[in-house]
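Residue-level structural notes
Residue-level listing of the chains:
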Amino acid sequence: MGKVEGGMKCVKYLLFVFNLIFWLMGSFVLAVGLWLRFDPETVSLLNGDKAPDTFFIGVYILIGAGSLVMLVGFFGCCGAVRESQCLLGSFFACLLIIFAAEVAAGVFGFLNKDKIIEDVQNFYTTTYNENNNSTLIMSYQKVLNCCGTVANPCLDPAPNTKDCETGIKEFFNSKLYIIGYVGIGIAGVMIIGMIFSMVLCCAIRNSREVI
């Protein structure tokens, strides 16, 4: 069985290192997803029976993507070490699928960012109008350092206290930006991985043809 030599051997080890980093990034994405899902502040704001679940749908996608990236990174490491065309081809196909899914999820998240925030604001406003002293409303005001709504402001707010609709927008914008930055970073790494895997796969095929 032919083995890659010279510059392709360097690509082989670069691909192995890349996949190790890729696996670590998958672990990081999974950790970020779990943090966003179980962050006490976020959970306290979206814990009601009628709370919108759009934000958590995006978080679940992030958790799934992180787990899948870890699995794909493991197979990529095996494919690089064993110089397996089958594993490398599968690695490339999986990266392409994940990349396409990530782009689709990113576009969906970008287009629905305002809707996610609006749903949470409407949920808060409805709950506030029904009972402005409920535990849920107290959680919003404590976490976001806010009070009341634009239409029904608090009568005697503390200094530097904003209305909760503004607080909700600022809070979820910061969370959604975290998801966006992580996604962009993973997408860039995946493109590099696809290039390396194809170069190495072609080199392995050529070396075996020569033999």
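Residues numbered from 1 in each chain as written. Predicted model: local features only at pLDDT ≥ 70, side-chain atom pairs only at ≥ 80, totals over all residues. Heavy atoms only, no water.

1. Overview of helix α4 (residues 85-130)
Counted at 1.5 Å a residue, the expected span for α4 with its 46 residues is 68 Å, and the 62 Å between its end C-alpha atoms agrees. Of all the bends found along α4, the most pronounced is centred on Asn112 and spans about 55°. (Helix = DSSP H or I, 4+ residues; strand = E, 2+ residues; numbered from the N terminus. Expected span 1.5 Å × (residues − 1). Bend = angle between axes of the 7 residues up to and from the residue.)

2. Some points on the side chain of Gln141
Structurally, Gln141 is set in helix α5 (residues 135-144). In this structure Gln141 touches Tyr124, Tyr128, Cys146, Cys147, Gly148 and Cys164, once residues within four positions along its chain are discounted. (Contact = heavy atoms within 4.5 Å.)

3. Things to note about the pattern of salt bridges
Evaluation of the coordinates by the stated rule reveals three salt bridges. Of the charged contacts in the structure, one is a salt bridge between Asp119 and Lys115, with a shortest N-O distance of 2.9 Å. Residue Asp119 and its partner Lys115 are located together in helix α4, separated by four residues, close to a single helical turn. (Salt bridge = Lys/Arg side-chain N within 4 Å of Asp/Glu carboxyl O.)

4. Some thoughts on a nonpolar patch on the surface
Taken together, the side chains of Phe16, Val17, Leu20, Ile21, Trp23, Leu24, Leu68, Leu71, Phe74, Phe75 and Val81 make up a nonpolar region of the molecular surface, amounting to roughly 970 Å² of accessible area. When contributions to the nonpolar patch are tallied by element, the ones reaching two or more residues are α1 (7-38) and α3 (54-82). Counting residues per element, the nonpolar patch draws most heavily on α1, which supplies six residues. Mapping Phe75 onto the fold places it in helix α3. (Patch = residues over 30% accessible without salt bridge, like charges linked within 9 Å, V, L, I, M, F, W, Y side chains within 5 Å. Areas by Shrake-Rupley, 256 points an atom, 1.4 Å probe, with all protein chains shown as cover.)

5. Some remarks on the packing of aromatic side chains
The tally for this structure, following the rule as stated, stands at three aromatic pairs. Ring centres of Tyr124 and Tyr128 lie 5.7 Å apart, and the angle between their planes is 25°; on these two criteria the pair is classed as stacked. Of this pair, Tyr124 and Tyr128 both sit in helix α4, four residues apart, which is roughly one turn of the helix. We note that Tyr124, like Tyr128, is buried. (Phe/Tyr/Trp six-rings, centres within 6.5 Å; stacked < 30°, edge-to-face > 60°. Buried < 20%, exposed > 50% of the residue type's maximum accessible area, 1.4 Å probe, protein only.)

6. As for the side chain of Thr149
Of note, Thr149 is situated in the loop between α5 and α6 (164-210). A distance of 2.9 Å separates a polar atom in the side chain of Thr149 from the backbone nitrogen of Asn152. The residues touching Thr149, leaving out its near neighbours within four places in the chain, are Tyr124, Thr125, Tyr128, Asp163 and Glu165. (Polar contact = N/O pair within 3.5 Å; in protein donor to acceptor, adjacent residues only side chain to side chain.)

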